[in-house]
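The lines below spell out each chain.
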Amino acid sequence: MEVEVKSTALMRYLKRRKVEYFAKATELRDSIVGWLSYVPQTFPHYTDHTIRHSERIIQQLSNLLFSTKKPSKIIVDLSPAEAYILVAAAYLHDAGMVVSDDRKKEILADPDWKQWTTGTGGAAAHLTKIELCRDSGEPANDSTIRNFAADIALRQLIAEFVRQRHHHLAADLIYKNQSELGRFAFDDGHLEAAIADVCVAHGLRREELNDDDRFPILRQIMGDNVNVRRLAILLRLGDLLDMDSRRACPLLLSAANPLPADSRNHWQQYSRIKHLAVSPRVIAIRAECENSEEHRLLRDWCQWIVDEVGWAPRLLANESAKEDWTPPRAELLGSRPTIVIRPAKGANYRPCDWRLELDQDQIFNRLIFGVHADRFAFIRELIQNALDATRCQMFDAHPGVATKNPANAPEDIRNRFPLTIALKAITIRNEAAQQDELRQVLAIEDRGTGMDEDIVRRYFLQIGRSYYQSGEFKQRYAFSPAGRFGIGFLSTLAASDHVRVETFRPSSPRGSEPLALTLTGPRNYIALEQGSRRVAGTRIEVRLLPDCELEPGVLTKKVRGWCRRVEFPIEVDDLGSKSVIVQERAADFVFQVPHPEHPDATLVLRAFDVDEAGIQGELYVLAKRLANGAEDWTETRDYKYEYPKVHPEATLPPLPRSLDCLHGIASFREPREAMIARLDVRRSNVEFDLSRSQAEPHTRERSELAIRKLWQEVLEEHLAHTPFAQGPAAWRYLNKLADDFPLGSPFWDSKTMIPLRRTGAEYLVSREQLNGITVLTEFSQVQRGAGEKDESGFDKIAIGVNPVDFRRLSDGHQESLFLSREPSNCRWVSRSHLAVDWTLRSQTSKSQMMTLTKHGLNEHFMCDLPRPDTVAFHIHRPLRAPGCILVNGRNALGRWYRSVVELTGKASWATESRVHALIGVLDRAATSRHSYIDELRRHLAGWESVKDLPGNLKPPLQMLTPESFDLRLVDGDI
């Protein structure tokens, strides 16, 4: 039976108090009913969120607010405007769950979607499974079914993305479509905002309802007093209390199938409710579940109701006694629980109240002492807190300069908000020892916004809750804060047993007096008194423990090392030695000096400015600049390693280190020879571990991609103008650059920088073009003394690379030549060179070769070598990768070796450890002939005694000499 909404107590009350509101609510209902009917198109797997759900909420609100015995009697003084806001919000709160197909397309290009579905975003694993389903899911031979299943899963993922944001989308719809919805707000902006805010509130965290600006306890709307916060609490409760089994309509369930695994039990939980009674005094629920998952979900849902009821008095603590609303009793535990959830008859599970418990002392110790390796890291944490507060104050005082990056504010404005850090020695009285002591006190003072009692109580004293991650902050400021975890202040207690905080927030909307707090430990009570501060900001004094005191100069060094890109001046008083630390600039590092070897050239360190996508700073490149202005960017290795040898008395300027900053605070990155980047990241999606010593993996990956893109742009500009990248010898310069600037694919893949020989003539190809070459021939010099420039055999092959050119390739291009290839043939082509044909793996017959790479050894391939007395031969491979061993198929020992390897794990005697040992000794013998021949002889002799070894797999008798692993050219070989 559906709700007859006009007969509910709330609607009758509305009609009785103000008939215009009742008529407008009815009109709104008629306008929104069609819109909400589209919700199941986006959310077919969710329970009912149509007009029926809205009207059941109105029914539950009536149950909460009106006397059970006398339905016309309301238990709280609800004004007509309040009653209308509740009804309108009930109709509109889920309007954001309607999403058109065009909007779904926009979502797939939305940056928030991409962040949510990549890296460690909440849906990254789900999206990966969807793509795998398309590519290689079941059934394997029917892509149509796979794509259909993937499309369903993708629509469900989009629906979850919308669900998490639908309360904000509902507010957007309210502001943009009032005329289409019957002008439900009577063209009154305050009424419209109140309805929108109450709708948004049903999707916020409870603590966010403490926002006095958005959810005030008293607001005048159309002549009535309105308690917006109480209305938000009531709507949230009414929404949760729609637990009617009709929400899980069997017809809807049938239409929604197949349901995601995590949705099915949500559908079932409502049907398990045997009794639901809501009144102003009590919320009574009795349910019987079939399995533990249903029980868990229903219990979590009911616990949510209990928590909402428990939080209501705290959120409404400032209500006047006349307006007091006492929420109904709702309890899951205790001697008289009002909510009972138990197993159904025949259910095969047993509920319990076990839960994980935290040892608070251990947690405090871990957060205070275990997060930071540096015992003075608390200074950095306090600086970061001071910087965030200062940024807020700067934007409040100068709203015209507000940007997403505070570092972009004019310098003269930033200089008005210095931080001061002072370390002094003071005399204090040790009462226990009845004597005076000299102790160091570190004081950090900012000119930020300061704190009032509300912020101190809700954030400063709440471990793990940061004001800078709250909705209150995000609504007011556009910049990304440094504060993340809400535990930074705790770190002071690792170095102190006495911390004093003086703070004043004159801009507090609640009115505020200066505060002074004294802390002597994480579990001790905090002394609160009226402070004496008269200007906005916070001063924190940390009395250092004796073993944490600093030597003169240490504080200045640490602050200077951390605050590389801080946009505000930092005044440091280090035991009487004063200095001012300012933001570093490119001019601090760039230089131009005479070249140590070329009088007509100079060495120049150039800076390229970076300012995009939340990253600022510079990329630095060392260049040799000729008299004509041409620049060679391959000087870094010589600069570091060679020039000091050539000119031992020369004093070249030092190159700066690469540097990563997060909101101005530095963490050095691993140096990369030529790629010097000093950057400051101010993006909101950067995540660090608790100690801030390193970024989370997905953050590092995003940062690396962004920096790589910046380098690519700089290099493209250089390659377009330098003459070194032009002409027939340009490939050599490009390969040098590729080693110094390892940007990977696709940047270097498209450059024609690999020299090949085609019937003797040289031509250039790119990495991309290599994949179109089926057979590539490598020349290996095996006959010493015949001369490297002997090219008499090059015209005998189709496409190849000679060893001289090979050695000039970058590491990456050397590897790319053979990465997807295997040797398929080898032969003599000149008095000094053996030609090895490398064929694409997909086109190579496995019966002709053997591929084994074990424990980082060289790759082993079976191939017929020109001389039968050669066992195996080591040929040239990429310089920084394992080489290649060609095992001779014409040699008896080589054939035996292949047979043994192919039987690995298939016979009792062919254990992996035994065969791997054989591979290792043969590898060493082929690579370093003279050193390991005796080891190989002894190892082969041991095979004679291997138990169960068949007679035909005894190692063949063969004289092993260094020449057995060489390919000396003899008469008649060519």
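The following refers to the structure shown.

Conventions we followed
- Along each chain, numbering runs from 1 in the same order as the chain's sequence is written.
- For a predicted model such as this one, the threshold for reporting local features is a pLDDT of at least 70, and the threshold for listing and counting side-chain atom pairs is 80 or more; totals across whole chains, interfaces and linings nevertheless cover every residue.
- The side-chain quantities take in all heavy atoms of the structure and omit both hydrogens and water.
- For helices, the axis comes from a line fit to the C-alpha atoms of the stretch in contact; other axes are also lines fit to C-alpha atoms, and the angle between any two N-to-C directions lies between 0 and 180 degrees.
- Elements are defined by DSSP. Helices are runs of H or I of four residues or more, strands are runs of E of two residues or more, and each kind is numbered from the N terminus.
- Our angle categories are set so that under 35 degrees counts as roughly parallel, over 145 as roughly antiparallel, 65 to 115 as roughly perpendicular, and the remainder as oblique.
- What makes two residues a contact is simply this: any of their non-hydrogen atoms within 4.5 Å.
- We call Asp, Glu, Lys and Arg charged. Ala, Val, Leu, Ile, Met, Phe, Trp, Tyr, Cys and Pro are nonpolar, and the rest, Gly among them, are polar.
- Centres within 6.5 Å make a pair out of two Phe, Tyr or Trp rings, where for Trp the six-membered ring is used; the pair is then stacked when the planes are under 30 degrees apart, edge-to-face when over 60, and tilted otherwise.
- Here's how the labels work: a residue is buried when its accessible area is under 20% of the maximum for its type, exposed when over 50%, partly exposed in between, all with a 1.4 Å probe on protein chains only.
- Think of a nonpolar core as a cluster: buried Ala, Val, Leu, Ile, Met, Phe, Trp, Tyr and Cys residues, connected wherever their side-chain atoms sit within 4.5 Å.
- What counts as a salt bridge is simple: a side-chain nitrogen of Lys or Arg found within 4 Å of a carboxyl oxygen of Asp or Glu.

**Let's talk about the packing of helix α2 (residues 19-36) against helix α4 (residues 51-65)**
At step 1: In the contact formed by α2 and α4, the axes pass within 9 Å of each other and the chain directions differ by 130°. One element, α2, and the other, α4, form an angle in the oblique class. Residues Arg 29, Ile 32, Val 33 and Leu 36 of α2 lie in contact with α4, whose contacting residues are Ile 51, Ser 54 and Glu 55.
At step 2: Here the contact of α2 with α4 is composed, by residue class, of 4 nonpolar, 1 polar and 2 charged.

**Description of the packing of aromatic side chains**
At step 1: Under the defined criterion, the tally for this structure stands at 18 aromatic pairs.
At step 2: Judged by centre distance (4.8 Å) and plane angle (85°), the ring pair of Phe 747 and Trp 748 falls under edge-to-face. Across the pair, exposure class does not vary: Phe 747 and Trp 748 are buried alike.
At step 3: Pairing Trp 838 with Phe 861 gives two aromatic rings, centres 6.0 Å apart and planes at 85°, and the pair type is edge-to-face. Within this pair, whereas Trp 838 is found in strand β26 (residues 833-840), its partner Phe 861 is found in strand β27 (residues 859-863), the two being separated by 23 residues in sequence.
At step 4: Residue Trp 838 is classed as buried on the basis of its relative accessible area, which comes to 0%.
At step 5: Feature note: the residues Phe 608, Trp 633, Trp 711 and Phe 741 constitute an aromatic cluster, connected by ring pairs.

**Notes on the nonpolar core**
At step 1: The biggest cluster of nonpolar side chains holds 89 residues, and the ones touching the most others in it are Leu 78 and Ile 195.
At step 2: Residue contributions to this core peak at 11 residues, all from helix α5 (residues 80-92).
At step 3: Excluding residues within four positions of it along the chain, Ile 195 makes contact with Tyr 84, Ile 85, Ala 88, Ala 89, Leu 92, Ile 174 and Phe 184.
At step 4: Core analysis: the second largest hydrophobic core is formed by 56 residues, Ala 677, Ile 799, Phe 818 and Leu 834 among them.

**Some remarks on the pattern of salt bridges**
At step 1: One pass over the structure, following the stated rule, counts 51 salt bridges.
At step 2: Here Lys 624 and Glu 635 are joined by a salt bridge, their closest N and O atoms 3.9 Å apart. Here Lys 624 is found in strand β16 (residues 615-625), whereas its partner Glu 635 is found in the loop between β17 (631-632) and α21 (636-646), with 11 residues between them in sequence.
At step 3: With relative accessibility at 12%, the residue Lys 624 sits in the buried group.
At step 4: A salt bridge links Arg 637 to Asp 740; its shortest N-O distance comes to 3.2 Å.

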